[in-house]
Amino acid sequence: MQVKVQRKVPEATDICSFELVAIGAEPLPPYEPGAHIDVDVGGGETRQYSLCAPHGEGRYVIGVKRDPRSRGGSRFMHEAVNEGDVLTIGAPKNHFPLAPDGERFILVAGGIGITPLLCMASHLGGAGRALELHYFAQSAEHVAFRRQLENAALAPSVTHHQGHGPDALPELLASIVGDPAPGKYLYLCGPRPFMELVRQAAANWPADQVRFEYFGAGSTPAAASAPQAAFEVCAAASGISARVEAGQSIVEVLRANGVHIETSCEEGHCGTCMTTVLEGRPEHRDSFLTEPEKASGTLMLPCVSRSCSARLVLDL
């Protein structure tokens, strides 16, 4: 669908927010906290951006950080998109939802990772749920969405952490995370190095009580660069089999053979291409699936993941 850029606002160093509104009388589709949209950034490419504002305001708000390591999406949004422009976006998707049985939520954001957690915090605060939002940034100039964070309803739940070096982070994060408890959930979003430190601090937590979403360029899982062996992939519904060589992805091989797989990030983060495995043992190289989901062997992300077995049969 197409939307109009109602406002473009500098929020912090290298970060702008974009307020998107519907064109015509049809309202924008609803969404829950944690949702994102795909944005067409030109050249047939799409990028994913989390929705920051609570649903019900009749608009979408996204935050975009200019990143020199990105594949061009942030540069397009910062340099080519202005107020009054029309963008093509997808309907909201949510692979990062709030736990419905949660009684207490600890939200930990690093840099631009504040975007989905801001929406969550606003929702939880409005519902009277117990929450803590910890926002880590390089400096005061790098704090995005300050006006919303200082809102009287949300401010008591927000703690800012600025300028902490990597040596000081483990002890600080351990004090923030604390010990697990029934109904207590930890939500994390930010750059991979920071997120790994948070996850280490929560190493004693049950896996299903720690929810995370990586943000930013250069956050490809380390497994993605591991050695690759060739294997056969079969699309069961299409009846097509093909060989996936080292350096090729399942997605590109199947597309070349007429089997379409919907994708977005193609880096193993978003879950758009998640596919059911019918036979074989997948070699997971993504950051999206939980450890129990990976262990089950029934799901995989074919944009980056491969096969441990000689043959892999997918429900495509």
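Predicted model only: the values in this text are computed from it and were never measured.

**Let's talk about the environment of V251**
Next, step 1: Considering the arrangement of structural elements, one finds V251 in helix α6 (residues 250–256).
Next, step 2: Through-space distance from the C-alpha of V251 to that of L301 is 9.2 Å; in sequence the pair is 50 residues apart.
Next, step 3: Leaving out residues up to four positions away in the same chain, V251 has contacts with I261, T263, P302 and C303.

**Quick word on the sheet that holds strand β11 (residues 210–214)**
Next, step 1: What the five strands build is an open sheet, ordered β9-β8-β7-β10-β11; its pairing is parallel. The two strands at the open ends of the sheet, each matched to only one other strand, are β9 (158–162) and β11. For this sheet, the mean angle separating the axes of adjacent strands, direction not counted, is 15 degrees.
Next, step 2: As paired strands, strand β7 (residues 104–110) and strand β10 (residues 184–190) are joined by six bridges and run parallel to one another. Following the sheet pairing, V108 is matched in β10 by L188.
Next, step 3: Here helix α2 (residues 114–126) sits on the sheet and contacts β7, β8 (130–137), β10 and β11; the angle it forms with β7, its principal contact strand, is near 155 degrees.
Next, step 4: Contacts between helix α4 (residues 169–177) and the sheet are confined to β7, β8, β9 and β10, with β8 contributing the most and set at about 165 degrees to the helix.

**Section: unusual backbone geometry**
Glycine aside, residues mostly have negative phi angles, and peptide bonds mostly take the trans form.
Next, step 1: Even without being glycine, D14 reaches a positive phi, approximately 65 degrees.
Next, step 2: Overall, D14 belongs to the partly exposed group, its relative accessible area being 37%.
Next, step 3: With phi around 60 degrees, F145 is a residue other than glycine that occupies positive phi space.
Next, step 4: The topology assignment puts F145 in the loop between β8 and α3 (146–149).

**Considerations on the packing of aromatic side chains**
Next, step 1: If you walk through the whole model with that rule in mind, you get five aromatic pairs.
Next, step 2: Seen from their ring centres, F136 and F194 are 5.1 Å apart, and the 50 degrees between their planes marks the pair as tilted. A residue pair is termed long-range when its members are at least 10 positions apart, and F136 in strand β8 and F194 in helix α5 (residues 192–201) qualify at 58 residues. F194 matches F136 in its accessibility class, with the two residues each being buried.

**A look at the nonpolar core**
Next, step 1: Ranked by internal contacts, the top residues of the largest apolar core, which has 52 residues, are I62, M77, L107 and Y187.
Next, step 2: Elements with a contribution of two residues or more to this core: β1 (2–12), β2 (15–22), β3 (36–40), β5 (60–65), β7, α2, β8 and β10.
Next, step 3: Counting residues per element, this core draws most heavily on α2, which supplies seven residues.
Next, step 4: With near-sequence residues (within four places) excluded, M77 lies in contact with K8, F18, V39, V41, Y49, I62, V64 and L87.
Next, step 5: Within the second largest apolar cluster, 22 residues are counted, among which are F231, I250, M300 and L312.

**Description of the pattern of salt bridges**
Next, step 1: In total, this model carries 15 salt bridges according to the counting rule given.
Next, step 2: Between R192 and E196 there is a salt bridge, and its shortest N-O distance comes to 3.0 Å. Taken together, the residues R192 and E196, both in helix α5 and four residues apart, mark about one turn of the helix.
Next, step 3: Residue classification places R192 among the buried residues on the basis of a relative accessible area of 16%.
Next, step 4: The exposure class assigned to E196 is partly exposed, which follows from its relative accessible area of 25%.
Next, step 5: One salt-bridge network, held together by shared partners, links D38, K93 and E262.

**Side note on α4**
Next, step 1: Within the span of α4, buried status applies to L169, L173, I176 and V177. Taken down its axis, α4 places every buried residue within 90 degrees of arc, on the same side. Exposed positions of α4 whose direction lies more than 90 degrees from the buried face are E171 and S175.
Next, step 2: Among the structural elements, β7, β8, β9, β10 and α5 are those in contact with the buried residues of α4.
Next, step 3: Looking one or two residues past α4, G178 carries a phi angle of roughly 65 degrees, positive in sign.

**Quick word on the packing of α4 against α5**
Next, step 1: With their axes 8 Å apart at the nearest point, α4 and α5 run at an angle of 55 degrees to one another. On the basis of their axis angle, the class for α4 and α5 is oblique. Remark: the crossing between α4 and α5 carries right-handed chirality. Residues L169, P170, L173, A174 and V177 of α4 pack against F194, L197, V198 and A201 of α5.
Next, step 2: Split into classes, the residues belonging to the contact of α4 with α5 amount to nine nonpolar, no polar and no charged.

**A word on the sheet that holds β1**
Next, step 1: Taken in spatial order, the four strands make up an open sheet running β5-β2-β1-β6, and their pairing is antiparallel. The sheet terminates laterally at β5 and β6 (86–88), the two strands that pair on one side only. Recorded for the sheet is a direction-independent mean angle of 45 degrees between the axes of neighbouring strands.
Next, step 2: In this structure, β1 lies alongside β2, joined through eight bridges in antiparallel fashion. Across the sheet, residue K4 finds its bridge partner in β2, namely V21.

Conventions we followed
Residues numbered from 1 in each chain as written. Predicted model: local features only at pLDDT ≥ 70, side-chain atom pairs only at ≥ 80, totals over all residues. Heavy atoms only, no water. Helix = DSSP H or I, 4+ residues; strand = E, 2+ residues; numbered from the N terminus. Contact = heavy atoms within 4.5 Å. Pairing = 2+ DSSP bridges. Axes fitted to C-alpha atoms, helices over the stretch in contact; angles between N-to-C directions. Buried < 20%, exposed > 50% of the residue type's maximum accessible area, 1.4 Å probe, protein only. Phe/Tyr/Trp six-rings, centres within 6.5 Å; stacked < 30°, edge-to-face > 60°. Core = buried A, V, L, I, M, F, W, Y, C linked by side-chain atoms within 4.5 Å. Salt bridge = Lys/Arg side-chain N within 4 Å of Asp/Glu carboxyl O. Arc of directions from axis to C-beta. Parallel < 35°, antiparallel > 145°, perpendicular 65-115°, else oblique. Left-handed = near helix turned anticlockwise from the far one by under 90°. Nonpolar A, V, L, I, M, F, W, Y, C, P; charged D, E, K, R; others polar.

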